Amino acid sequence: MARPLDHRKRAELLAGVVAYIAAHGLAELSLRPLAAALGTSSRMLIYYFETKEELLVQALATQRPDLAALFADVTDSGQVRERLIGFFDLNSTGAEGDSVRVLLQVLGAACAPDSPYQDYANAAIATFVTELAAALRRTGLAEDAEVVATLLVSGLRGIIQDRVITGDRERTGRAARALIDAVLPEVR
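Here we summarise the structure given alongside this text.

Criteria and thresholds
- Residues numbered from 1 in each chain as written.
- Predicted model: local features only at pLDDT ≥ 70, side-chain atom pairs only at ≥ 80, totals over all residues.
- Heavy atoms only, no water.
- Helix = DSSP H or I, 4+ residues; strand = E, 2+ residues; numbered from the N terminus.
- Buried < 20%, exposed > 50% of the residue type's maximum accessible area, 1.4 Å probe, protein only.
- Areas by Shrake-Rupley, 256 points an atom, 1.4 Å probe, with all protein chains shown as cover.
- Lys, Arg positive; Asp, Glu negative; His and termini not counted.
- Charge placed at Lys NZ, Arg CZ, Asp CG, Glu CD.
- Axes fitted to C-alpha atoms, helices over the stretch in contact; angles between N-to-C directions.
- Parallel < 35°, antiparallel > 145°, perpendicular 65-115°, else oblique.
- Contact = heavy atoms within 4.5 Å.
- Nonpolar A, V, L, I, M, F, W, Y, C, P; charged D, E, K, R; others polar.
- Core = buried A, V, L, I, M, F, W, Y, C linked by side-chain atoms within 4.5 Å.
- Left-handed = near helix turned anticlockwise from the far one by under 90°.
- Polar contact = N/O pair within 3.5 Å; in protein donor to acceptor, adjacent residues only side chain to side chain.
- Arc of directions from axis to C-beta.
- Salt bridge = Lys/Arg side-chain N within 4 Å of Asp/Glu carboxyl O.
- Phe/Tyr/Trp six-rings, centres within 6.5 Å; stacked < 30°, edge-to-face > 60°.

**Section: the overall build of the protein chain**
Inference 1: A tally of regular secondary structure across the protein chain gives ten helices and zero strands.
Inference 2: Element order for the protein chain, N to C, with α for helix and β for strand: α-α-α-α-α-α-α-α-α-α.
Inference 3: In terms of overall dimensions, the protein chain has a C-alpha envelope of 60 × 35 × 30 Å along the principal axes.
Inference 4: In the protein chain, buried positions account for 41% of the 188 residues.
Inference 5: Split by element, the accessible area of the protein chain, about 10000 Å² in all, is 55% carbon and sulfur.
Inference 6: Distance from the positive charge centre (20 side chains) to the negative charge centre (24 side chains) of the protein chain: 6 Å.

Rendered as structure tokens:
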């Protein structure tokens, strides 16, 4: 009889995965070095998560921001702008920045044919677009809320990627604000 999963240990492992991948990258990820860094064995990682890809997807799921909550109480156009700028600033540095660096790697890997990350990437993008579009509709900011939300989500993701790569907070901060101002001009 297999022993039951230790949920506390599983949660600890998931917490360490994102930091490890942020520091070492996804492209060359191997279970043995990852397991050693996490203080376990590759066999135990497979026991808990079945595959390397499932381990990463579950680790990212623990880091996913609650986008429904982020936009749930938005009632006016100024709040949409403030939340987008706050989300951009928060998620491009610090501990949140680790999650974003890993997410950007996963989104890139999801572009490959038959990628094991395709479903996760689709869900991540769809969730952000859906929640932002709902807020845009509630505040009357956009006739075609999905298109406006897509432009903002995709544009800000590109600017965050630029910030992660270059480290240029000042220029990318100005670019993020310019994008938001251009797409949501009546909010300025």
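**Brief notes about the packing of helix H1 (residues 7-24) against helix H3 (residues 42-49)**
Inference 1: In the contact formed by H1 and H3, the axes pass within 11 Å of each other and the chain directions differ by 110°. Judged by the inter-axis angle, H1 sits roughly perpendicular to H3. For the pair H1 and H3, contact is made by Lys 9, Arg 10, Leu 13 and Leu 14 and by Leu 45, Tyr 48 and Phe 49, respectively.
Inference 2: The residue makeup of the contact of H1 with H3, split by class, is five nonpolar, no polar and two charged.

**Quick notes on the nonpolar core**
Inference 1: Counting 31 residues, the largest nonpolar core has Val 80, Leu 84, Leu 132, Leu 136, Leu 152 and Leu 184 as the members making the most contacts within it.
Inference 2: Considering every element that reaches this core, the biggest residue donor is helix H9 (residues 145-166), with eight residues.
Inference 3: Every residue in contact with Leu 84, bar those within four places of it in the chain, is listed here: Phe 71, Leu 132, Leu 152, Leu 156, Ile 180 and Leu 184.

**Notes on the packing of helix H8 (residues 118-139) against H9**
Inference 1: Across the interface, H8 lies against H9 with an axial gap of 8 Å and an inter-helix angle of 125°. With respect to their mutual orientation, H8 and H9 come out oblique. Two packed elements cross with a definite hand, and for H8 against H9 that hand is right-handed. Two secondary-structure elements touch here, H8 through Ile 125, Phe 128, Val 129, Leu 132, Ala 133, Leu 136 and Arg 137 and H9 through Ala 145, Glu 146, Val 148, Ala 149, Thr 150, Leu 152, Val 153 and Arg 157.

**Some words on the side chain of Thr 139**
Inference 1: Looking at where Thr 139 falls in the secondary structure, it is placed in helix H8.
Inference 2: Classification of Thr 139 as buried rests on a relative accessible area of 18%.
Inference 3: There is a polar contact of 3.2 Å between the side chain of Thr 139 and the backbone oxygen of Leu 136.
Inference 4: Apart from residues no more than four positions distant in its own chain, Thr 139 is found in contact with Val 74, Thr 75, Asp 76, Ser 77 and Val 80.

**Things to note about helix H2 (residues 31-38)**
Inference 1: Along H2, the residues that are buried comprise Leu 31, Leu 34, Ala 35 and Leu 38. Considered in projection along H2, the buried side chains sweep an arc of 100° and stay on one side of the axis. Facing away from the buried surface of H2 by more than 90 degrees, the exposed residues are Arg 32, Ala 36 and Ala 37.
Inference 2: Tucked into the core, H2 has its buried residues touching H1, H3 and helix H4 (52-63).
Inference 3: Phi for Gly 39, located one or two positions after H2, is positive at around 75°.

**Some words on the pattern of salt bridges**
Inference 1: As enumerated under the stated definition, the model contains seven salt bridges in all.
Inference 2: Across the salt bridge formed by Arg 81 and Asp 181, the nearest N and O atoms sit 2.6 Å from each other. Taken together, the residues span a long stretch of sequence, with Arg 81 in helix H6 (residues 77-90) and Asp 181 in helix H10 (residues 169-183) at a distance of 100 residues. Just as Arg 81 is buried, Asp 181 falls in that class too.
Inference 3: Close ionic contact of Arg 174 with Glu 170 constitutes a salt bridge, the shortest N to O distance being 2.3 Å. Of this pair, Arg 174 and Glu 170 both sit in helix H10, four residues apart, which is roughly one turn of that helix.
Inference 4: Here the residues in one salt-bridge network are Asp 162, Asp 168 and Arg 171, joined through shared partners.

**Observations concerning the packing of aromatic side chains**
Inference 1: A full pass over the atoms with the stated rule returns three aromatic pairs.
Inference 2: A ring pair is formed by Tyr 47 and Tyr 48, whose centres lie 5.4 Å apart and whose planes are at 75°; its orientation type is edge-to-face.
Inference 3: Exposure remark for Tyr 48: the relative accessible area of 9% places this residue in the buried category.

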